[in-house]
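Chain by chain, the residues:
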Amino acid sequence: MKTETTIQGLAASLNPARAARKIIGFVPTMGNLHEGHLNLVREARKLCDIVVVSIFVNPIQFGAGEDFDSYPRTLEQDSRLLADVDCDIIFAPSVEQMYGTQPRLTNISVGQITDDLCGKSRPGHFDGVAVVVTKLFNIVQPNFAFFGQKDYQQLAVIRQLVQDLNMPLEVIGVPIVRAEDGLALSSRNGYLSEHQRAIAPTIYQLLKQAEQQLHEGHALAQVLESISNQLTQAGFVVDYVEARQTNLQPIAQFDRNVVLFVAAKLGTTRLIDNLQVDFKT
Ligand code: AMP
């Protein structure tokens, strides 16, 4: 396994593989890797000849007052984990390597599907994601790129970006990896105190409870309100509890598959989760 920190170095490492028409798989991350990330690498390993994982904490997707400075940076530990899952190349550029020293005058904004859910409480976040993912796609030039359904809205934004701008690659969505108690794995879980960590799985428990209630025929609005109330009672500050169609459009007819979305804070730590509820047709 190689680690490259420059765009030029990465190109030098990848050019022979490109010349040999090898299939390149790409997993973008911000590091501090856990089983959720490693599972993306395993999926990439199944489909691709060469697996590239980027580790880059992207400053422009963090808002003022968010955790850019404190975000855990654990490259040595990440490298060991990636070697174990047979990653070929780590791309770990500096901010200067990615953004240069000249001002950036180009922005990329995916409309409509970024207007609500996390887009509402994190203005500019998805523009920052769209810019860095586009840059990384241009740098790595993968055949396949792997993203987790944990960040469901992000995955939808990237699919839209790739479709709208004819990017020559296929996006693969990978299911959420959870801890045994149901909490969706996230680098931000490390911010939680012991007490908060014990409460955190409530989000998933309530999503599962909601799924059952919806199958029993309870009204969607009441089910969502009940999740919100129970989260507040458990000590969360709720950002949103929402339901959408699987393509993120508002629900038109409530007997189709829907996705339930939760964002809620425990102290200063913002947690997100989602669950698709399927209805047989
Ligand atoms: P991040 O490092 O948080 O930017 O995440 C990098 C990639 O890993 C994104 O595509 C995330 O959706 C994905 N990811 C993070 N946590 C999980 C998880 N628990 N299950 C599945 N994918 C995840």
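As the structure is a prediction and not an experimental result, all values here were calculated from the model.

Cut-offs used in this document
- Residues numbered from 1 in each chain as written.
- Predicted model: local features only at pLDDT ≥ 70, side-chain atom pairs only at ≥ 80, totals over all residues.
- Heavy atoms only, no water.
- Pairing = 2+ DSSP bridges.
- Helix = DSSP H or I, 4+ residues; strand = E, 2+ residues; numbered from the N terminus.
- Axes fitted to C-alpha atoms, helices over the stretch in contact; angles between N-to-C directions.
- Contact = heavy atoms within 4.5 Å.
- Near = heavy atom within 4 Å.
- Polar contact = N/O pair within 3.5 Å; in protein donor to acceptor, adjacent residues only side chain to side chain.
- Areas by Shrake-Rupley, 256 points an atom, 1.4 Å probe, with all protein chains shown as cover.
- Nonpolar A, V, L, I, M, F, W, Y, C, P; charged D, E, K, R; others polar.
- Buried < 20%, exposed > 50% of the residue type's maximum accessible area, 1.4 Å probe, protein only.
- Core = buried A, V, L, I, M, F, W, Y, C linked by side-chain atoms within 4.5 Å.

Student: Help me understand the sheet that holds strand S7 (residues 237-245) in this model?
Tutor: Sheet strands line up and pair through hydrogen bonds in the backbone, either parallel or antiparallel. Spatial ordering of the open sheet is given by S7-S8-S9, a layout of 3 strands whose pairing is antiparallel. Two strands lie at the open edges of the sheet, namely S7 and strand S9 (269-277), each paired on one side alone. Mean inter-strand twist for the sheet, computed between neighbouring axes without regard to direction, equals 15°. In terms of strand pairing, S7 meets strand S8 (residues 258-266) through 8 bridges, oriented antiparallel. Looking at the pairing, Arg 244 lines up with Val 259 of S8. Its contacts with the sheet place helix H9 (residues 202-215) against S8 and S9, and it is angled at close to 25° to S9. On top of the sheet, helix H10 (residues 220-234) reaches S7 and S8; it is set at about 155° to S7, its chief contact.

Student: Explain the site of the ligand here, please?
Tutor: Among the 17 residues in the neighbourhood of the ligand, the closest are listed as His 37, Gly 148, Asp 151, Val 177 and Leu 185. Asp 151 places a polar side-chain atom, nitrogen or oxygen, 2.6 Å from an oxygen atom of the ligand. Here Leu 185 contributes a backbone N or O atom positioned 2.8 Å from a nitrogen atom of the ligand. With the chains in place, 92% of the 490 Å² that the ligand exposes on its own is no longer accessible. Elements that contribute at least two residues to the shell around the ligand include exactly strand S2 (24-29), helix H2 (35-47) and strand S5 (144-148). Counting residues per element, the shell around the ligand draws most heavily on H2, which supplies 3 residues. Taken together, the residues of the shell around the ligand break down into 9 nonpolar, 6 polar and 2 charged.

Student: So what exactly am I meant to see when it comes to the side chain of Gln 61 here?
Tutor: Residue position: Gln 61 is located in the loop between strand S3 (50-55) and helix H3 (75-84). Residue Gln 61 is classed as buried on the basis of its relative accessible area, which comes to 10%. Apart from residues lying up to four places away in sequence, Gln 61 is in contact with Met 30, Glu 66, Arg 122, His 125, Gly 128, Val 129 and Val 132.

Student: Explain the nonpolar core to me, please; I cannot follow it from the model alone.
Tutor: Soluble, globular proteins show a tendency: their nonpolar side chains are buried together. Counting 45 residues, the largest nonpolar core has Val 52 and Phe 137 as the members making the most contacts within it. Looking at which element gives the most residues to this core, the answer is helix H6 (residues 125-140), with 10 residues. Not counting residues within four places of it along the chain, the set of residues in contact with Val 52 comprises Leu 10, Leu 14, Ile 24, Gly 25, Phe 26, Val 27, Ile 89, Phe 91 and Val 140. Listed in part, the 28 residues of the second largest apolar core include Leu 214, Val 258, Leu 260 and Leu 275.

Student: I'm lost on the environment of Leu 40 in this one. Help?
Tutor: Summarising the element assignment, Leu 40 is placed in helix H2. Exposure remark for Leu 40: the relative accessible area of 7% places this residue in the buried category. Here the alpha-carbon distance between Leu 40 and Arg 122, two residues 82 residues apart in the chain, equals 25 Å. Other than its neighbours up to four places away in sequence, Leu 40 contacts Val 27, Phe 146, Phe 147, Gly 148 and Val 174.

Distances and angles like these do not, on their own, reveal function.
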